[in-house]
Amino acid sequence: MSPADALFGAFSLPFMWRALVVMLVLSVIAGVVGVLVNLRSLEFITDGLTHAVFPGLAVGLAVGGASGVLPGAAVAALIGAVLLTWLMRSGIASDAGIAVVLTAAFSVGVIVVSKSDDYAGALETLLFGRVLTIPPSDVVPLVVVSAIALLLVALTAKQQVFRAFDAAGSRAAGNSAFALDLTLNVAVALVVVAGASTVGSLLVLALLVVPGAVARLLTGRLWLLFPLAGVFAALASWFGLAAGFAASVGAGIDLPAGSTIVAVFVVAYGVVLVGRLIRDAAVRRAQGRPTAPGEAKSSVAASGEGAA
Amino acid sequence: MTYFERAMLAAIVIGAVGGFVGCLVVLRRRTFFAQALTHGTYPGAVAAAALGVSVPLGAAAASVVLVLVMTGIARVRNQGAQVAAGIVLTGGFAAGAILAAIVPSLPVQPESLLVGSILTVTDGDILLAALVGVVALLLVVLFGRSIVFSTFDQAGFRAAGYREWPIELLVLGLTAATVVSALPAVGAILAIALIAAPAAAARIVTSTYRGMLVVAPVIGAASGVLGVLASRAFAIAAGPAIVLTATAFLVIALGGSKLRALPWRASAIPVETAEDARIA
């Protein structure tokens, strides 16, 4: 199979076309929301939310069948968002608190699912998704839910960025920190809901974390981050779907579609990271070693401290 | 030993070790890092299962690579520790899923690596966990002073002329070893609860570092025992039962501290001057 076949021809199949549409919508919106996740360092909360929707999915499936999945997940995600926002603000060992909330929620989900017949299948679907077998009736609710998330972020984008860079200033300017945190967490939760019932929680986490990180590597200009993250997410989703299709149909290796897309995201991140490091090194050399070795070391130490 | 007694023993040992090392993880705010390790070691576990070598060995090999990758990404400008953990977590999980899919006849169920199965742990698994516990105890006895200093006053520690990275590496190594030894019993997704919940509960209950190191393992072991008993009584999966028990301990500790903070014995504010009376 030629690369052109995998990249374009494959999507003439209805299920591939539907997967592409869903992935493009989700990845662009998740990329934009993900920039704020990155700026606010909310990766762990996002991970918590992807696990927190699990009991909602399981209970929704048990109570209302297939049509109960989305409402169940939405309720669980909203509870999770409120709980995590509150935990984050209460300050009591917040990251440990997130870890406990997410594993407890996940445990409830596992217990509910383990009472049903198809335990292993349900767990796998939740984690790794079923990108290629999304029923047509799921597409519209998914788009609506993620559009609401985008709207929430678009309406508060300026305030969110303000809060990300100057929390005290944002509060002093009259913005409610709690309202902003809750809005962002709810937006993340909605993206997670849209994704978890269709493409899997692992994939959603990758969609929310990786494009933002890539955009931060590519540019230092704030408002460029959002389009860059969206474009990166769309391209990586497209290539990921095509790669999975080429491997499965062309080479006969049965790659799981969701995991293949995540792998493409992470590999692309690695490429951009290496490119950035090489460029930085070249810039440093071109400037003729403006920093003494001692200075360079101290700046690394400072950035390490900022990261920790 | 019957399989149930062995499961009990495993729950006690792994709970205690998780609680002990969890204190360092929680105090140093490395929970997300530990979470990324638990997920990221999944491909190592799958690869080990596929090759027929012991699962903890594969997970340990994967964790060494992950620690290096994460430390590297965390030092890049504009990236940081959270991004590093997120990338490693999703990347590792995807790699594990792909491996599990392309290896045709995996001798173990991939799901059992995700949520664990405490009823099938071997004596070797228990021994490994106990060994990790002993090493952790020894290291904390030997280097406790430096660990406390660097945890509570990072800037002071550096200013006093000590190097940060040996302590960081020591704690990260212990975290990775704990995660790896807990994998067979509680799996890749739930292991983080055994590290975070007992330590967080102990932190609320006690006010000293030493007290935390004593209370957290006790809570961890108790969660293990009660969880295994609950799993038998209610016929639910053991891993989730242990996690929910540990969570219950944290909620009780949190509730207790909130109740204690309430003004139970409210005494009238003594009023001496007219100004006091106006404020009161």
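Chemist: Would you explain the overall build of chain B in this entry?
Modeler: When helices and strands are counted, chain B shows 12 helices and 0 strands. Helices (α) and strands (β) of chain B occur, in sequence order from the N terminus, as α-α-α-α-α-α-α-α-α-α-α-α. Reported as C-alpha extents along the three principal axes, the dimensions of chain B are approximately 85 × 50 × 35 Å. Taking all 280 residues of chain B together, 54% fall into the buried category. Counting only contacts in chain B whose residues sit at least 6 apart along the sequence, the fraction spanning at least 24 positions is 74%.

Chemist: Help me understand the overall build of chain A, please; the structure alone is not making it clear to me.
Modeler: Each helix and strand counted, chain A has 13 helices and 0 strands in total. Listing every helix and strand of chain A by position from the N terminus yields α-α-α-α-α-α-α-α-α-α-α-α-α. Of all 308 residues assigned to chain A, the portion counted as buried reaches 50%. Considering only residue pairs separated by 6 or more positions, chain A has 75% of its internal contacts joining residues 24 or more positions apart.

Chemist: Mind showing me how you'd approach the interface of chain A and chain B here?
Modeler: Accessible area lost during the coming together of the parts is what is often quoted as the interface size. Facing the 45 residues of chain A at the interface are 48 residues of chain B. Elements with a contribution of two residues or more to the side of chain A that touches chain B: helix 3 (43-64), helix 5 (94-114), helix 6 (119-128), helix 10 (201-218), helix 12 (257-286) and helix 13 (293-307) of chain A. Counting residues per element, the side of chain A that touches chain B draws most heavily on helix 5 of chain A, which supplies 12 residues. Taken together, the residues of the side of chain A that touches chain B sort by class into 30 nonpolar, 10 polar and 5 charged.

Chemist: Quick question: what am I supposed to make of helix 2 (residues 14-40) of chain A here?
Modeler: Along an α-helix, residues three or four positions apart point the same way, because every turn accommodates 3.6 residues. All names here are of chain A. The terminal C-alpha atoms of helix 2, which comprises 27 residues, lie 39 Å apart, in line with the 39 Å expected from a rise of 1.5 Å per residue. A bend of about 25° at valine 33 is the largest found in helix 2. One or two steps after helix 2, the chain reaches serine 41, where phi turns positive at roughly 55°.

Chemist: Can you help me understand the nonpolar core in this one?
Modeler: Inside soluble globular proteins, nonpolar side chains tend to come together where they are buried. Residues Val33, Val191 and Val193 of chain A are the most contacted members of the largest nonpolar core, which totals 210 residues. Element by element, the count of residues in this core is highest for helix 9 (residues 165-205) of chain B, at 27 residues. Setting aside chain neighbours within four positions, we find valine 33 of chain A in contact with Ala149, Val153, Ala187, Val188, Val191 and Leu208 of chain A.

Chemist: Would you mind going over unusual backbone geometry with me for this structure?
Modeler: The phi angle of most residues is negative, glycine excepted, and most peptide bonds adopt the trans form. Its identity is not glycine, yet serine 41 of chain A carries a phi of approximately 55°, on the positive side. Exposure remark for serine 41 of chain A: the 16 C-beta atoms within 10 Å place this residue in the partly exposed category.

Chemist: Please explain the confidence of the model for chain A as it appears in this structure.
Modeler: Residue and element names in this part refer to chain A. Overall, the predicted model of chain A reaches an average pLDDT of 81, with 88% of residues at or above 70. Of all secondary-structure elements in chain A, the lowest mean pLDDT belongs to helix 13, at 42, while helix 12 reaches the highest, 89. pLDDT under 50 marks residues 292-308. Its contacts with residues more than four places away, or in other chains, come to 11 contacts.

Chemist: It is not clear to me how the packing of helix 5 of chain A against helix 2 (residues 31-40) of chain B should be interpreted in this structure. Could you clarify?
Modeler: To characterise two packed helices, one gives the angle between the axes of the helices and the distance between these axes. The N-to-C vectors of helix 5 of chain A and helix 2 of chain B enclose an angle of 35°; their axes lie 8 Å apart at closest approach. Together, Asp95, Ala96 and Ala99 of chain A of helix 5 of chain A and Thr31, Phe32 and Gln35 of chain B of helix 2 of chain B make up the contact between the two elements.

Chemist: Can you walk me through the confidence of the model for chain B in this structure?
Modeler: One rule of thumb: low pLDDT means the predicted coordinates there are not for detailed reading. Residue and element names in this part refer to chain B. Looking at chain B, pLDDT values average 84 and 91% of them are 70 or higher. The weakest mean pLDDT in chain B belongs to helix 12 (residues 274-279) at 67; the strongest belongs to helix 10 (residues 209-234) at 91. For this predicted complex, the interface score ipTM comes out at 0.79, while the overall pTM is 0.82.

Chemist: Whenever I open this one, the environment of glycine 19 of chain B confuses me. Can you help?
Modeler: Considering the arrangement of structural elements, one finds glycine 19 of chain B in helix 1 (residues 3-27). For the pair glycine 19 of chain B and arginine 145 of chain B, spaced 126 residues apart in sequence, the C-alpha to C-alpha distance is 19 Å.

Chemist: Honestly, the packing of helix 3 of chain A against helix 5 (residues 80-102) of chain B in this entry has me stumped. Any pointers?
Modeler: Where helix 3 of chain A contacts helix 5 of chain B, the axes come no closer than 9 Å and their chain directions differ by 35°. Counted together, Glu43, Phe44 and Asp47 of chain A of helix 3 of chain A and Gln82, Val83, Ala85, Gly86 and Leu89 of chain B of helix 5 of chain B form the full contact between these two elements. Split by residue class, the contact of helix 3 of chain A with helix 5 of chain B holds 4 nonpolar, 2 polar and 2 charged.

Chemist: In this structure, what is going on with the environment of alanine 268 of chain A? I would like to understand it.
Modeler: Residues and elements named next belong to chain A. Of note, alanine 268 is situated in helix 12. The class for alanine 268 is partly exposed, based on 19 C-beta atoms found within 10 Å. As a C-alpha pair, alanine 268 and leucine 132 span 136 residues in sequence and 22 Å in three-dimensional space.

Chemist: Explain the environment of leucine 57 of chain A to me, please; I cannot follow it from the model alone.
Modeler: Residues and elements named next belong to chain A. Residue placement: leucine 57 occurs in helix 3. Residue classification places leucine 57 among the buried positions, given that 26 C-beta atoms sit within 10 Å. When the C-alpha atoms of leucine 57 and valine 75 are compared, they prove to be 9.5 Å apart, with 18 residues separating the residues in sequence.

Parameters and conventions
Residues numbered from 1 in each chain as written. Chains lettered and ligands numbered in written order. Predicted model: local features only at pLDDT ≥ 70, side-chain atom pairs only at ≥ 80, totals over all residues. Helix = DSSP H or I, 4+ residues; strand = E, 2+ residues; numbered from the N terminus. Buried ≥ 20, exposed ≤ 12 C-beta atoms within 10 Å, placed from the backbone. Contact = placed C-beta atoms within 7 Å. Nonpolar A, V, L, I, M, F, W, Y, C, P; charged D, E, K, R; others polar. Expected span 1.5 Å × (residues − 1). Bend = angle between axes of the 7 residues up to and from the residue. Core = buried A, V, L, I, M, F, W, Y, C linked by C-beta atoms within 7 Å. pLDDT = per-residue confidence, 0-100. Axes fitted to C-alpha atoms, helices over the stretch in contact; angles between N-to-C directions.

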